[in-house]
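Remarks on the overall topology
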Amino acid sequence: MLAMALVAMLLAAPAWAQEKSADAPTAAGQEAEQPGLFWMPDAISTYGEGVDDLFVLIFWITGIAFVVVEGLMLWFLFRYRNREGREKAHYTHGNNKLEVTWTLATVVILVFIGVVQLVGDSGWLTIKTGYPEKDGVVQPGTFVVRVYGEQFAWHFNYPGKDGKFEDQRHSFKSPTNPIGLDDPAKDKVLPKLVVPENVNILIELNALGKYDANTETYTHPVLHSFFSPNLRLKQDLVPYHPGKIWFKIKQGTAKEGKKYEIVCAELCGEGHSNMHAPFLVLSEEDLAKELGYDWKTAVPAKFPEPVHYHQEQKEAE
Amino acid sequence: MTTETKENVVTEDHAEHHEMGFWGKYVFSRDHKAIGMQFMMTALFMLFIGGGLALTLRMRLAWPEAEFMGVDMKQFGGETYNVLFSMHATVMIFFVIIPFLVGAFGNFVIPLHIGARDMAFPFLNGLSYWIMPLAGFVMFGGILLEGVEAGLKSGAFASGGWTSYPSLSVIAGYGQTLWCISLIIVGTSSIMGAVNYVTTIVKMRAPGMTFGRMSLTVWSIFITAILILFGTPVLTSALIMLILDRHFGTTFFTNDGQPLLYQHLFWFYSHPAVYIMILPGMGIASDIISVFARKPIFGYKAMAAAMAGIAGLGFIVWGHHMFQSGMNPYLGTYFMIATMMIALPSAVKSFNWLGTLWRGNIHFTTPMLNALGFVSMFIIGGLSGIFMAATTVDLMIHDTYFIVAHIHYVLFGGSLFGVFAGITYWFPKMFGRMFSETLGKIHFVLTFVGFNCVFFPMHIVGAAGLPRRYAAYIGEGASKTWEHMQPYQQFMTVSAIVLGLAQVFFLIALIYSAIWGKKAEKNPWKANTLEWTLDSPPPHGNFHPDLPTVYHGPYEYNSALVEEDYLPQDRKLEAAGVGGDDGQEDAPSGEGTA
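Residues numbered from 1 in each chain as written. Chains lettered and ligands numbered in written order. Predicted model: local features only at pLDDT ≥ 70, side-chain atom pairs only at ≥ 80, totals over all residues. Heavy atoms only, no water.

A look at the overall build of chain A
- For chain A, the helix and strand inventory stands at 7 helices and 14 strands.
- The burial tally for chain A puts 52% of its 317 residues in the buried class.
- Long-range pairs, those at least 24 residues apart, make up 71% of the contacts in chain A between residues at least 6 apart in sequence.
- For chain A, the computed accessible surface area is about 14,300 Å², with 58% contributed by carbon and sulfur atoms. (Helix = DSSP H or I, 4+ residues; strand = E, 2+ residues; numbered from the N terminus. Buried < 20%, exposed > 50% of the residue type's maximum accessible area, 1.4 Å probe, protein only. Contact = heavy atoms within 4.5 Å. Areas by Shrake-Rupley, 256 points an atom, 1.4 Å probe, with all protein chains shown as cover.)

A few points about helix α7 (residues 309-316) of chain A
Residues and elements named next belong to chain A.
- Restricting attention to buried positions, one finds in α7 the residues Y309, H310 and E312. Down the axis of α7, the sector holding all buried residues measures 155°, keeping them to one side.
- Tucked inside the fold, the buried residues of α7 contact β8 (210-212) and β9 (217-219). (Arc of directions from axis to C-beta.)

Remarks on the interface of chain B and chain A
- Of the residues lining the interface, 117 residues belong to chain B; the matching set on chain A comes to 97 residues.
- Regarding the contact of chain B and chain A, the summed buried area is about 9,300 Å², with carbon and sulfur atoms giving 69% of it.
- Joining chain B to chain A, the criterion identifies 0 salt bridges.
- Sorting elements by how many residues they give to the side of chain B that touches chain A places helix α13 (residues 329-357) of chain B first, with 16 residues. (Buried area = accessible area lost by both parts, 1.4 Å probe. Salt bridge = Lys/Arg side-chain N within 4 Å of Asp/Glu carboxyl O.)

A look at the pairing of strand β4 (residues 153-158) of chain A
Residue and element names in this part refer to chain A.
- With respect to burial, β4 is a largely interior element, 5 of its 6 residues being buried.
- Hairpin connection of strand β3 (residues 143-150) to β4: 2 residues between the antiparallel strands.
- By the bridge criterion, 3 bridges tie β4 to strand β5 (residues 188-190) in an arrangement that is antiparallel. Each bridged residue has a counterpart across the sheet, and for Y158 the counterpart in β5 is K188. (Pairing = 2+ DSSP bridges.)

A word on the environment of I223(B)
Residue and element names in this part refer to chain B.
- Along the polypeptide, I223 turns up in helix α10 (residues 216-247).
- Overall, the relative accessible area of 7% leaves I223 in the buried class.
- Measuring from C-alpha to C-alpha, the distance between I223 and G312 comes to 9.5 Å, with 89 residues separating the pair along the chain.
- The residues contacting I223, other than those within four sequence positions of it, are L279, A304, M307, A308 and A311.

Regarding the sheet that holds strand β11 (residues 233-237) of chain A
Residue and element names in this part refer to chain A.
- Across the sheet, which stays open at both edges, the 5 strands sit in the order β6-β14-β13-β10-β11 with mixed pairing between neighbours. Lying at the two open borders of the sheet, with one neighbouring strand each, are β6 (193-195) and β11. Taking each pair of neighbouring strands and ignoring which way they run, the sheet shows an average axis angle of 20°. (Axes fitted to C-alpha atoms, helices over the stretch in contact; angles between N-to-C directions.)

What to know about the sheet that holds β4(A)
Residue and element names in this part refer to chain A.
- The sheet built from 5 strands is open, its strands ordered β5-β4-β3-β7-β12 with mixed pairing. The two strands at the open ends of the sheet, each matched to only one other strand, are β5 and β12 (243-248). Averaged over neighbouring strand pairs, the angle between their axes works out to 25° when direction is ignored.
- Of the strand pairs in this sheet, β3 and strand β7 (residues 200-207) are connected by 7 bridges, and their pairing is parallel. Within β7, the position partnered with F143 by the bridge is I201.

Structural notes on the packing of aromatic side chains
- If you walk through the whole model with that rule in mind, you get 65 aromatic pairs over all chains.
- Ring geometry for W75(A) against F78(A): centres 6.3 Å apart, planes inclined by 35°, an arrangement best described as tilted. Pair noted here: W75(A) and F78(A) are both in helix α2 (residues 48-79), with a separation of 3 residues, about one helical turn.
- A relative accessible area of 46% places W75(A) in the partly exposed class.
- Each residue in the set Y409(B), F412(B), F417(B), F420(B), F427(B), F431(B), F435(B), F444(B), F448(B), F451(B), F455(B) and F506(B) is aromatic and connected to the rest through ring pairs, giving one cluster.
- One cation-aromatic arrangement involves R81(A) over F78(A); the distance from NZ or CZ to the ring centre is 4.6 Å.
- The lysine or arginine in question, R359(B), covers the ring of W358(B), its NZ or CZ lying 5.5 Å from the ring centre. (Phe/Tyr/Trp six-rings, centres within 6.5 Å; stacked < 30°, edge-to-face > 60°. Lys NZ or Arg CZ within 6 Å of the ring centre and 35° of its normal.)

Comments concerning a nonpolar patch on the surface
Residue and element names in this part refer to chain A.
- On the surface, a cluster of nonpolar side chains totalling about 640 Å² of accessible area is made up of W60, I64, V68, L72, W75 and F78.
- Structurally, V68 can be placed in helix α2.
- Note on V68: relative accessible area 45%, which makes it partly exposed. (Patch = residues over 30% accessible without salt bridge, like charges linked within 9 Å, V, L, I, M, F, W, Y side chains within 5 Å.)

Some thoughts on the domain arrangement of chain A
All names here are of chain A.
- If you check the domain split of chain A, you get domain 1 (2-21 + 33-79 + 97-127) and domain 2 (135-316).
- Once you take the C-alpha centre of each, domain 1 and domain 2 turn out to be 35 Å apart.
- Each partner contributes residues to the interface: domain 1 has 15 residues there, and domain 2 has 16 residues.
- In total, domain 1 and domain 2 occlude about 1,400 Å² of area from one another, counting both sides; carbon and sulfur atoms represent 49% of this.
- Ionic pairing is found between D42 and K258, a salt bridge with its closest N-O pair at 2.5 Å. (Domains from an automatic or database assignment.)

Considerations on the packing of helix α11 (residues 259-293) of chain B against helix α12 (residues 300-314) of chain B
All names here are of chain B.
- Remark: α11 packs on α12, axes separated minimally by 10 Å, with the N-to-C direction vectors making an angle of 170°. The orientation of α11 relative to α12 falls into the category roughly antiparallel. Counting all contacts with α11, which are made through H271, P272, Y275, L279, M282 and S286, the residues of α12 involved are M303, M307, I310 and G314.
- Grouping the constituent residues of the contact of α11 with α12 by class yields 7 nonpolar, 3 polar and no charged. (Parallel < 35°, antiparallel > 145°, perpendicular 65-115°, else oblique. Nonpolar A, V, L, I, M, F, W, Y, C, P; charged D, E, K, R; others polar.)

A closer look at the layout of surface pockets
Residue and element names in this part refer to chain B.
- Estimates place the volume of the second largest pocket at around 880 Å³.
- Surrounding the second largest pocket, 36 residues form its lining, A54, H88, M92, H408 and F455 being those nearest its centre.
- Among the secondary structure elements, those contributing two or more residues to the lining of the second largest pocket are α3 (32-62), α4 (78-114), α16 (401-431), α17 (437-463) and α18 (486-516).
- Sorting elements by how many residues they give to the lining of the second largest pocket places α3 first, with 9 residues.
- Looking at the lining of the second largest pocket residue by residue, the classes come out as 27 nonpolar, 6 polar and 3 charged. (1 Å grid on protein atoms, 1.4 Å probe; cavity = no way out; pocket = protein on both sides within 12 Å on 5 of 7 lines; lining within 4 Å. Points joined across faces, edges and corners; volume = space filled by probe spheres on them.)

In structure tokens, the structure reads:
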């Protein structure tokens, strides 16, 4: 009974969610996200649907296991309940053959689930290590961004016309130069992520410390996590250790003109829930307008060596 | 091999002290049963503190900008919200679940089940309890120093989550230091308890009580104690390093140090800690299911081996908490495969519980219902674990409500139902009266339904990517992506209120039964283990004048050797030629007849 109720709830839930979203008044100018497969928002990265497929695969395997095991349990509870005329239980200490069988069957299924995570275009290693980069040199035609997360804002640093990222120093930070770039005029810094579709996108993730130039006080950067549910991608920003992610947006996404979000998925302090930034997929024309230059002519070959605050201190001495 | 246990010098010596007065008997007692009940009462009290925190944050999530009875929900945003969930988790894990399962049941049950007069080190046992309140005072020291409101402003309470990752925990207010010190004290208490349990189980089993005749509850706590001994020192060192980073200028986790190092150290303890919180529940559920199915446990050896397997594998899978942390992805691959393997012993246990029910004679008492609740909810918690163990799927659901759902299915649906099962099962031995069946069943139904209504929808919002540890998903400054899911939040909150009220009901039922409940006989459940041969409640020193001699395993129900459908462990059978004398194996194992 319980199993059936839960399964019914599971199946009814997407419809229910859709109904609710249609009824709920949406914020002005904000398009309501249509819940996609299994309540998930649209997958816009090339590997997003593959990730969903793996979710669905595990959903069915565990769903069947759930129904069988809980169903058997309920059946046993009903069938072998204590009642008139049933005073004895069957005396047995187990059955080795049966136990070996179900143990091996479980192993096979689990190893299968594990191995399928690793293969194909949506495999774990493809997503996490398949950067469009070779020997530290970015492949031509890759859209490159440096992302900085600080308490509690995202900054997106685009290379600028010269196709070269500026060095970053905490001591350069000011209200007009939130990241602390060497020459902020040479780069483009936006509070939102704008990307083209159908090209490889390589992003370097940096956690940014708090530096007050007036009092010259510095606070350690903290962990954040770059999360876009639409990309099906998550990666922590580790203080002092820049990380990388890559993705590619599906062709045709820009046309839809939807607004997505980059949110923070790792607790970073009191403003954690408000740490999000708009994320837009733009056509080449719109992107050029937004950036003020044609990104294709300005692809940097390398990310600059990161300079940490304690290194800055040593240099200053 | 167990003959030396006849000379229980330590406890026999101790068992003579009968007149100890009020303070000696109820407060600074060295009697394992009194200490167990002290742990239980403390954990019960803390359960309501942790529950209150949970309800507050659920109210905030459902209606972040509303006002209820003069309480403005806006004040629970930001840092206050972080304090709420950090304290909720810390209280529930370190002051409720572990004291309940390890402190209360470990203390109360081990000597009774193995036929000993007390723990090996009664004073250490009392000490392990009495430093727990101290840890509580340190944790909430900010209230004493500044009061709640001022304390929240000045950072007197930890707000870094129960994980307290640096660098956030390095730059946080002084409450973080209190939190570290408090957990070091709790860890010390755990280690004291664990040393006691291991020594008692290894050295003080009654004659005839071989390892193969120990109940699964004792096995589970034995394995848990070993986990505690290996894991806790690692957490303690991580906490000390964190304190050094905060106050003494070291850089283990900052500057030239490595923030991920803390995560590795933390999860090296805290993943096994998850098993510390579930294994005793498994043991208790196994015992209870066997008693009320009136059937031997299906695959006793496999059950014990599975628990040992879970414990062993538990130490090599910690990295699955760190798939998206920046850890090397190839290492993630290893941790995924290792984690998949840990689902195996869990599955074996679930199948064996099913096997125990199969062709049984099932009595639906309150403890049985709670034990079945444990099994069915643990199955869901176990299956949902496979999602996040899969690295690629984890990309989406890591740090979302899917994880919150999973941990609550394991720790509430699992451990806490195990606790309810244990309390109602041993209640006659604890209080000398029966737990009211009617009230117990009402509590079970309310809790079971309420629990599923609170936590099942979390899978759905989690699959949509709803991040955890957010103070609000609608309203000013909030992300817009999950606005349409707000009705789920409200539904979960309303259900959480029902769930909370059901626990108040449990408290009332417990007090009612302890005072007005039906007087308990020696063996109300007709169970086999040794505690049921004693008065309810058992006298100080348990077994008088002689220690019992054990002839059988603990699960001889419906054995053909006797008329009754149970066979107490200490009952000597006269008939020759059958198992039941001092032979190691009296229980036929292997082929069952289908």
